Amino acid sequence: MKRSKRKTFAYRPSDKIISRESIVSVILGAAGIIGYYLLLFGSIKTGGTSSPLSGAGGWILLVVSAIGLYFGIQSMKDTAAVMKWKIIGCTCNGIVLAVSVIIFVIGIIAMI
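## Focus on the packing of aromatic side chains
The way to describe two aromatic rings as a pair is by their centre distance and the angle between their planes. As enumerated under the stated definition, the model contains 3 aromatic pairs in all. Both rings, one in Tyr37 and one in Phe41, keep their centres 6.3 Å apart while their planes meet at 15°; by these two values the pair is stacked. With a gap of 4 residues between them, Tyr37 and Phe41 both fall in helix α1 (residues 20-45), about one helical turn apart. A residue is classified by how much of its surface remains accessible, and Tyr37, at 56% relative accessible area, is exposed. Taking the relative accessible area as the measure of exposure, Phe41 reaches 49% and is therefore partly exposed. Taken together, a centroid distance of 5.7 Å and an interplanar angle of 75° make the contact between Trp59 and Phe104 edge-to-face. Residue Trp59 is located in helix α2 (residues 52-75), and its partner Phe104 is located in helix α3 (residues 83-111); the two are separated by 45 residues in the primary sequence. The partly exposed category is assigned to Phe104, whose relative accessible area is 43%.

This is the structure in structure tokens:
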């Protein structure tokens, strides 16, 4: 008999595994939320006159959250992994993206 080289072991939903993509997504989402907390706290502490590095930090957090949301969406393809972590990762990154867009729109309106 010929042995098949296909994967012989498959995860079941009862195994409660957490996919790598969802872990990365949760970590990036948490980093984004903490980062925005620090940026907003710094802005309040300086009376709204933060340095341009704060703006650069906001753009970096936007990119990080977009990458985290991408990993969160990719983790949805793994049907055997625990859904809770997928949802947490997507939600955290979605919140950071929404805050980024809101701050950007407020900045545009303030310039007008």
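The discussion continues.
## A short note on the side chain of Ser22
Within the secondary structure, Ser22 sits in helix α1. A residue is classified by how much of its surface remains accessible, and Ser22, at 1% relative accessible area, is buried. In contact with Ser22, not counting residues within four places along its chain, are Ser75, Trp85 and Lys86.

## Details of α1
Between its terminal C-alpha atoms α1 stretches 37 Å, which fits the 38 Å expected from 26 residues at 1.5 Å a residue. Packing partners of the buried residues in α1 comprise α2 and α3. Positive phi appears at Gly47, one or two residues downstream of α1, with a value of about 75°.

Rules used throughout
Residues numbered from 1 in each chain as written. Predicted model: local features only at pLDDT ≥ 70, side-chain atom pairs only at ≥ 80, totals over all residues. Heavy atoms only, no water. Phe/Tyr/Trp six-rings, centres within 6.5 Å; stacked < 30°, edge-to-face > 60°. Helix = DSSP H or I, 4+ residues; strand = E, 2+ residues; numbered from the N terminus. Buried < 20%, exposed > 50% of the residue type's maximum accessible area, 1.4 Å probe, protein only. Contact = heavy atoms within 4.5 Å. Expected span 1.5 Å × (residues − 1).

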